[in-house]
Amino acid sequence: MDSNHLTPMQVRTYSEIRDLQCQHTVSYFCRNDKENIILSVEDFRTDGKISETCICRNITREIAQDIMRLAAENSVGIGCWLDLLTDNGIDYELIEE
């Protein structure tokens, strides 16, 4: 997924807090790919970008959007947002893009 050509459905911006947190922006993406839903979370930091992307086959776009909104509104980022899928019985497969 080339997120440079997609508009994220949710964006969270974090300020730098000395010795506690670096400045970064987390973006949440949802798109259709034929019969599948592609979800992605990207964390943009001053030293680069970290991202996780997965294919979900057993959900509707509406459910996918709700999950991504839940992740964004609760500041669930890289390394944890996939737990939302697992906890809600959503089958997914991580992919490289």
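Just so it is clear, the structure is predicted and the values come from calculations on it, not from any experiment.

(A) Here's a closer look at the nonpolar core. Core analysis: the largest hydrophobic core is formed by 21 residues, its most contacted members being Tyr-28, Ile-37, Leu-39, Cys-54, Cys-56, Trp-81 and Leu-85. Residue assignment for this core shows that the elements contributing at least two residues are strand 2 (24–33), strand 3 (36–45), strand 4 (48–56), helix 1 (61–73) and helix 2 (81–87). Among the elements that make up this core, the one with the highest residue count is helix 1 (5 residues). Among residues more than four places away in sequence, those in contact with Cys-56 are Asn-36, Ile-37, Leu-39, Leu-85, Ile-90, Asp-91 and Tyr-92.

(B) Structural view of the confidence of the model for the chain. Put simply, the chain has an average pLDDT of 88, and 92% of its residues get 70 or more. Predicted confidence in the chain is weakest over strand 1 (residues 10–14), with a mean pLDDT of 90, and strongest over strand 5 (residues 92–95), with 95.

(C) Here's a closer look at the environment of Ile-37. Looking at where Ile-37 falls in the secondary structure, it is placed in strand 3. As a C-alpha pair, Ile-37 and Ile-95 span 58 residues in sequence and 12 Å in three-dimensional space.

Reading the values: rules and limits
Residues numbered from 1 in each chain as written. Predicted model: local features only at pLDDT ≥ 70, side-chain atom pairs only at ≥ 80, totals over all residues. Heavy atoms only, no water. Core = buried A, V, L, I, M, F, W, Y, C linked by side-chain atoms within 4.5 Å. Buried < 20%, exposed > 50% of the residue type's maximum accessible area, 1.4 Å probe, protein only. Helix = DSSP H or I, 4+ residues; strand = E, 2+ residues; numbered from the N terminus. Contact = heavy atoms within 4.5 Å. pLDDT = per-residue confidence, 0-100.

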